[in-house]
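Structural characterization, general
Here is what each chain is made of, one letter per residue.
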Amino acid sequence: MFASPAASDRPWPLPLLRFLPLPLLQPILTLIGTQVAKTQPDVFLRLGPHALKSFIIDPTDLPFVLVLKPKPEAPSLSAWRRDNAPYSHARIAGTFLDLFDLIDGSLDGDALFFSRKLRVTGDTEAIVALRNALDDVDGGVVESITKAFGPLAPVATITVSHLRRLGGRGKNHE
Amino acid sequence: MNDDVAPRRPELVCPAGTPASLRTAVDAGADTVYCGLQNATNARNFPGLNFSPEELRKSVDYAHARGRKVLLAVNTFPPAGQFQLWKDAVGIAASAGVDAIIVADMGVAAYASREYPQLRLHLSVQAGASSPEAIRFHCEEFGIRRVVLPRILTVAEIADVHRQIPCEIEAFVFGNIGMMAEGRCSLTNYVTGISTNMDGVCSPAADVRYEEDADGTLTTRLGSFVIDQYRCGENGGYPTICKGRYGCSVQSEPYYAFEEPRSLNLSALLPDLMRAGVTALKIEGRQRSRAYVKSVVAAFRLAVDGIMAGEEPALTDLIALTEGHKETQGAFQSKSWR
Ligand code: SF4
């Protein structure tokens, strides 16, 4: 089981996210989905038939989960309270920062799994396909997402750098 | 080993499951990168992994522009009546300009040597050729230029084989290690109906299920079989049958019948391997991430360069990337490894 770190141990964006009403998060999540579809079409090719499945991404230290439906023509990312999340084919759970580093390409998913910091349940094949598809993005998906924020891109970039620093980029590699 | 013999500069052969991984490996110091196509012609036929013909062509261009090589693994065994897929893979490799293909099946080797005589052939570890006689046979019949040795020989035995064969030797130095005769294991086939050696996947993800109960105990299943149960906080491994824990009547507790989850790491034996006549050092892990590729390739680049400069090998700690967070030197150090 994952112990939730004390709020004071977390980097500053996480406590803020705790209190964020989910509808406020939705425009940002929609932007992320649209940006990935626009800039990384190869991700959907790699997913193959698994692009039609749905995934719960569960940051265990936050009070909500993300539901990813990577349909190529209309990918969607939405936030749900953990208890109300819809049925999904697969679930990937870990701390926010471990999931962030994984998606950012700076942590190895197998190593995280071996150390029991990553939990996967449901359709394992779909999860493996998603992991491999995201890993084929040079510089990481996060890098390409920050560009979607237009005039706010510098703020997004600073936030990401902050997360990388505090989240311990490469912490499982030392 | 004889310490008076100067080590030869080896080629560092690194894995890539995706084009981004290939670029990462090249940028991290790989001399050569090996990869596979998106089908059963290679032994890492995993969902979302591997290269389209177009990606392969672009990746070869990327590597060649930087003076590095690309090898294509066509290292599974075609089932009867399905040979066309393997013929196509050899043709794709040739037209993409890869530096060699890695083959296991004699039919594929014969076809490639006959139809593409200019294409360099390496003998895959999957061929299981470990004796000088078996290796010489492949060299004479199919023009094999390099053999990837099965992970069953000590360094002294590798040196002995080297003296008796006409081709180069490539030896694994890091990564996942199986217990069975390479290219002959049928455990996955027995449990799932999918063949490691013909379909290119051990423990197919579609048949793997993970379940964690309220106590944090993780149960790993392959098909209808429980492979292992990890207590809360206990490090895990791949869902492969050879590294599972099983109960039986003569053991009071479930036990590792074959071997514990652990990875090969020969970084301490690099100077010996280099003196034994090994031309190429191979890192396993086409199924792993760019983060793994970057860390492991950079660590071995540093170690090899240090040895060539006459320094003590710089051995970076790679334990966090190993299966079960445990390492072994397997059979390379001594035959006591089971
Ligand atoms: S079960 Fe083990 S030895 Fe057999 S193919 Fe899989 S990893 Fe290799």
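All of these numbers come straight from a predicted model, not from anything done at the bench.

**Observations concerning the overall build of chain B**
From N to C terminus, chain B includes 11 helices and 15 strands. For a compact globule of 338 residues, the expected C-alpha radius of gyration is about 20 Å, and chain B comes in at 20 Å, within 12% of that figure. Dimensions of chain B, computed from C-alpha atoms along their principal axes, come out at roughly 55 × 50 × 40 Å. Across chain B, every contact between residues at least 6 apart in sequence was considered, and the portion connecting residues at least 24 apart equals 63%. Per element, the accessible surface of chain B, about 13,200 Å² overall, is 49% carbon and sulfur.

**Some points on the interface of chain A and chain B**
Listed as interface residues are 37 residues of chain A and, on the opposing side, 45 residues of chain B. Buried area between chain A and chain B, summed over both chains or domains, comes out near 3,100 Å², and the portion from carbon and sulfur atoms is 48%. Among the residues of chain A in contact with chain B, A:Arg46, A:Phe114 and A:Arg116 are the three that bury the most area, contributing 26% of the side total. The tally of links from chain A across to chain B stands at 7 salt bridges. Of the charged contacts in the structure, one is a salt bridge between B:Glu212 and A:Arg116, with a shortest N-O distance of 3.8 Å. Going through the elements one at a time, α5 (109-114), β5 (119-122) and α6 (124-135) of chain A are the ones with two or more residues in the side of chain A that touches chain B. Examining the composition of the side of chain A that touches chain B, we find that 9 residues originate from one element, α6(A), more than from any other. Counted by class, the side of chain A that touches chain B contains 11 nonpolar, 13 polar and 13 charged residues.

**Points about empty space enclosed by the protein**
Residue and element names in this part refer to chain B. For the structure shown, the criterion picks out 2 cavities of 30 Å³ or more. Considered as a void within the structure, the largest cavity measures approximately 50 Å³ in volume. In terms of lining, the largest cavity is formed by Ser267, Ala299, Phe300, Ala303, Ala314, Leu315, Thr316 and Leu318. Split into classes, the residues belonging to the lining of the largest cavity amount to 6 nonpolar, 2 polar and no charged.

**Points about the site of the ligand**
Every residue near the ligand is listed here: B:Gly178, B:Met179, B:Met180, B:Cys185, B:Thr196, B:Cys202, B:Thr240 and B:Cys242. Considering only residue class, the shell around the ligand consists of 5 nonpolar, 3 polar and no charged.

**As for the environment of B:Gly237**
Looking at where B:Gly237 falls in the secondary structure, it is placed in the loop between β10 (225-230) and β11 (245-246). Considered as a pair, B:Gly237 and B:Thr220 are 17 residues apart in the sequence and their alpha carbons are 9.6 Å apart. Those residues in contact with B:Gly237 that sit more than four places away from it in its chain are A:Phe113, A:Phe114, B:Tyr230, B:Pro261, B:Glu323 and B:Gly324.

**Quick word on the layout of surface pockets**
All names here are of chain A. Of the pockets and cavities examined, the second largest pocket occupies roughly 1,200 Å³. No other element matches the 8 residues that helix α2 (residues 22-39) contributes to the lining of the second largest pocket. In the lining of the second largest pocket, the residues fall into 38 nonpolar, 4 polar and no charged.

**Section: the sheet that holds strand β4 (residues 90-94) of chain A**
Residues and elements named next belong to chain A. Across the sheet, which stays open at both edges, the 5 strands sit in the order β3-β2-β1-β4-β5 with mixed pairing between neighbours. Either end of the sheet is taken by a strand with one partner, and the two such strands are β3 (76-81) and β5. Taking the axes of each pair of neighbouring strands and ignoring which way they run, one obtains an average angle of 20° across the sheet. Sheet topology note: the β4/β5 ladder contains 4 bridges and is antiparallel. Each residue of the ladder has a partner; that of Ala93, found in β5, is Arg119. Those strands touched by α2 are β2 (64-69) and β3, and its axis lies near 160° from that of β3.

**Section: the pairing of strand β1 (residues 11-15) of chain B**
Counting buried positions over the 5 residues of β1(B) gives 5, a clear majority of the element. Between β1(B) and its parallel partner strand β2 (residues 32-35) of chain B, the chain crosses via helix α1 (residues 19-28) of chain B, and the hand of that crossover is right-handed.

**Details of the packing of α1(B) against helix α10 (residues 290-308) of chain B**
Axes are the key here: two packed helices are described by the angle between their axes and the distance separating the axes. Residues and elements named next belong to chain B. Running from N to C, α1 and α10 point in directions that differ by 20°, and their axes come no closer than 9 Å. Taken together, α1 and α10 sit at an angle that is classed as roughly parallel. Crossing geometry of α1 relative to α10 is assigned as right-handed. Contact residues: α1 offers Ala20, Ser21, Thr24, Ala25 and Ala28, while α10 offers Arg290, Val293, Lys294, Val297, Ala298 and Arg301.

**Remarks on unusual backbone geometry**
All names here are of chain B. A positive phi angle, near 85°, is found at Asn50, a position not held by glycine. Considering the arrangement of structural elements, one finds Asn50 in the loop between β2 and α2 (53-65). At Ser203, a residue that is not glycine, the phi angle is positive and equals roughly 50°. Relative to the assigned elements, Ser203 resides in the loop between α8 (196-199) and β8 (208-212). Owing to a relative accessible area of 8%, Ser203 belongs among the buried residues under this scheme.

Cut-offs used in this document
- Residues numbered from 1 in each chain as written.
- Chains lettered and ligands numbered in written order.
- Predicted model: local features only at pLDDT ≥ 70, side-chain atom pairs only at ≥ 80, totals over all residues.
- Heavy atoms only, no water.
- Helix = DSSP H or I, 4+ residues; strand = E, 2+ residues; numbered from the N terminus.
- Rg over C-alpha atoms; globule rule 2.2 N^0.38 Å.
- Contact = heavy atoms within 4.5 Å.
- Areas by Shrake-Rupley, 256 points an atom, 1.4 Å probe, with all protein chains shown as cover.
- Buried area = accessible area lost by both parts, 1.4 Å probe.
- Salt bridge = Lys/Arg side-chain N within 4 Å of Asp/Glu carboxyl O.
- Nonpolar A, V, L, I, M, F, W, Y, C, P; charged D, E, K, R; others polar.
- 1 Å grid on protein atoms, 1.4 Å probe; cavity = no way out; pocket = protein on both sides within 12 Å on 5 of 7 lines; lining within 4 Å.
- Points joined across faces, edges and corners; volume = space filled by probe spheres on them.
- Near = heavy atom within 4 Å.
- Pairing = 2+ DSSP bridges.
- Axes fitted to C-alpha atoms, helices over the stretch in contact; angles between N-to-C directions.
- Buried < 20%, exposed > 50% of the residue type's maximum accessible area, 1.4 Å probe, protein only.
- Right-handed = clockwise from strand over helix to strand, strands pointing away.
- Parallel < 35°, antiparallel > 145°, perpendicular 65-115°, else oblique.
- Left-handed = near helix turned anticlockwise from the far one by under 90°.

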